[in-house]
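Inside the fold
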Amino acid sequence: MRAVLGGAAMVTVVISALILFVLFRGAIDFFRSIGWDFGILVDDSAAPGWFPRRERFDLLTIVLGSIVMGLLAMIVAVPLGLGTAVYLSEYAPPRVRRIVKPAVEVLAGIPSVIVGYFALKFIAPNIVDPIFSPDQPRNMLVAGMAIGVLVVPIMASICEDALRAVPMSLREASFGVGARKSTTTVRVVLPAAVSGIVAAFIIATSRAIGETMVAAMAGGRDGSGPRVLSPLEPGLTMTAAMTNAAGGTDQVKAGAPFQVLFFVGLLLFVLTMSLNMIADRVVRKYRQKY
Amino acid sequence: MIQVQAVQPERTAESSVVFSVRDLNVFYGEFRAVRDASFDINENEITAFIGPSGCGKTTVLRCLNRMNDFIESARVEGKVQYHGVDLYDPQINSNEVRRRIGMVFQKPNPFPKSIFENVAYGAKLSGRFSKTEINEVVENALRQAALWDEVKDRLKASALGLSGGQQQRLCIARCIAVKPDVILMDEPCSALDPIATARIEDLMQEIKKDFSIIIVTHNMQQAARVSDRTAFFTTEINPESDRRTGVLVEIDSTRKIFSMPSDERTELYVTGRFG
Ligand SMILES: Nc1ncnc2c1ncn2[C@@H]1O[C@H](COP(=O)(O)OP(=O)(O)OP(=O)(O)O)[C@@H](O)[C@H]1O
Ligand SMILES: [Mg+2]
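As a starting point, this report considers the structure included with it. (Residues numbered from 1 in each chain as written. Chains lettered and ligands numbered in written order. Predicted model: local features only at pLDDT ≥ 70, side-chain atom pairs only at ≥ 80, totals over all residues. Heavy atoms only, no water.)

**Remarks on the site of ligand 1**
Residues and elements named next belong to chain B.
- Every one of the 14 residues lining ligand 1 counts as a neighbour, but Ser 53, Lys 57, Thr 58, Thr 59 and His 218 are closest to it.
- Ser 53 places a side-chain nitrogen or oxygen 2.4 Å from an oxygen atom of ligand 1.
- Against a free-state accessible area of 630 Å², the protein chains account for coverage of 67% of ligand 1.
- Among the elements of the structure, strand E2 (31-42) and helix H1 (57-63) are those that each provide at least two residues to the shell around ligand 1.
- A total of three residues in the shell around ligand 1 trace back to one element, the largest contributor, which is H1.
- Of the residues assigned to the shell around ligand 1, the class counts are five nonpolar, six polar and three charged. (Near = heavy atom within 4 Å. Polar contact = N/O pair within 3.5 Å; in protein donor to acceptor, adjacent residues only side chain to side chain. Areas by Shrake-Rupley, 256 points an atom, 1.4 Å probe, with all protein chains shown as cover. Helix = DSSP H or I, 4+ residues; strand = E, 2+ residues; numbered from the N terminus. Nonpolar A, V, L, I, M, F, W, Y, C, P; charged D, E, K, R; others polar.)

In structure tokens form, the structure reads like this:
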């Protein structure tokens, strides 16, 4: 028994190492095969952009795409997720909680491709188009909002855990001097749970940046520059750029235009890994003794 | 929570009775935890609640400042009058009730904030004080709670760094900083050593001229030492189920309860032969 379980753990570790190895090897191949006449990080030509087939890899284009859509996602996910968490933990009567909580969990289980269609068939025509009338139906705002919807459950559930971990005795201390419920929530419960809330934010951000399907389906998949910050323009995230390369959308199956996938993947890995580690540190550093 | 318009409990000057409780019944769901308790609590006295575990001392105490509102299953029947005002009148602002009738809990529960912020918390809520006034309120409360000398040099330090006894005095300071009329204490010394306990007992004698105090205690000597009046609760087996319901056996002057109580059950309990 012990050997079997140990074996399972071993295989998991080996798989992780293998993934890292493949990423590194691909990234090294990429660096070997590109011509260095364009800047790797920042394309300084007149029309910078992400053109893998022409072997022009302006990283800034896709990093900006990820940042813009990630930010938009968090603008949606923070109020919805934190609001849901506060409601569930502080206000909802048990009867309502029994309905709302599973509903949030269902949302967490929806495959992202379906959320992608939700973005195209609902968010774009019913929310974004009427209000902002963008030139393209697929743009960073539509994708960002949908990614936000996608990470609401993780935001809500980590925040709720943090709020519930605040002992009842602290709330009672506040009520005991005449504080209202809302005051108690804002002045006592939220500050006491702040480390968990910050961790939730970082982990949700990491998820949002790593989200692929929705970004590819609804974000416009366009890295042809000029580099844009406007959410109403189509954009390309790091993840979507990777799917392009992997799926052969860029009509290449080898060489730098393909191998760039590993390089971007490695970057993404380092980025989300760092975010998760920071979240871990935050929780540890500010963990309250109560 | 629904905030009904704030009708505030007004005190009628001449009365020396703070609480007048009649036929109090408290239920947790279907379970009747307390049956038909009737008693009066006098102003500027210390009243002790004693009785075996599970007899409903905490439950009754929490009825007196509507702390039971926060327990989903709890239901209160009967009359609880505070200076002649029905505390369970739907027009009553329960937050104001709790501001006037403060509470100190069994386990010290300081906020994870600075010592100063802990004491200032309630006073700041009212919005009635300027910054300098708050400083004064905090200092006075800490002095009254006999904590000032120990913490005056580290008001900005976290309250969680204090010892258990200091934390409990801090909680008392936090409570008196909002100038309540009554202080309810639920076994405030059960987590403390004898020295810290003695300090809190001294403190209670010190502040009783300004407040009416009700203290729940399992420590018979403590009840005898500090209180003017004592209420003895016990449990009775329900005929319909095997759960025990709390009843108030008697309430009288502490001297009488400990020397010649009118009920045999009280005598058995205070002499240590029961419970
Ligand atoms: N939140 C609650 N939900 C359900 N039942 C409760 C709840 N709180 C208390 N009870 C029950 O009500 C009865 C009275 O409890 P209470 O805490 O008032 O007793 P107590 O006299 O304070 O006991 P102790 O001396 O152990 O503190 C007990 O049977 C207890 O199990
Ligand atoms: Mg109790």
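So much for the structure itself; the text now carries on.
**Thoughts on the pairing of strand E10 (residues 244-253) of chain B**
Residues and elements named next belong to chain B.
- The buried count for E10 comes to seven of 10 residues, which makes it a mostly enclosed element.
- Pairing analysis gives nine bridges linking strand E9 (residues 229-237) to E10, with the strands arranged antiparallel. Within E10, the residue paired with Thr 235 across the bridge is Gly 246. (Buried < 20%, exposed > 50% of the residue type's maximum accessible area, 1.4 Å probe, protein only. Pairing = 2+ DSSP bridges.)

**Observations regarding the interface of chain A and chain B**
- Taken residue by residue, the interface counts 23 residues in chain A and 26 residues in chain B.
- Here chain A packs against chain B, burying approximately 2,000 Å² in sum over the two surfaces, 66% of which is carbon and sulfur.
- The largest contributions to the chain A side of the interface with chain B come from Glu 172, Val 177 and Arg 187 of chain A, which together make up 29% of the buried area.
- Summed over the shared surface of chain A and chain B, the result is one salt bridge.
- Here Glu 172 of chain A ties to Arg 62 of chain B by a salt bridge, and the two come within 2.9 Å at their closest N and O atoms.
- Looking at the side of chain A that touches chain B, the elements with two or more residues in it are helix H6 (168-176) and helix H7 (181-192) of chain A.
- The leading source of residues in the side of chain A that touches chain B is H6 of chain A, at eight residues. (Contact = heavy atoms within 4.5 Å. Buried area = accessible area lost by both parts, 1.4 Å probe. Salt bridge = Lys/Arg side-chain N within 4 Å of Asp/Glu carboxyl O.)

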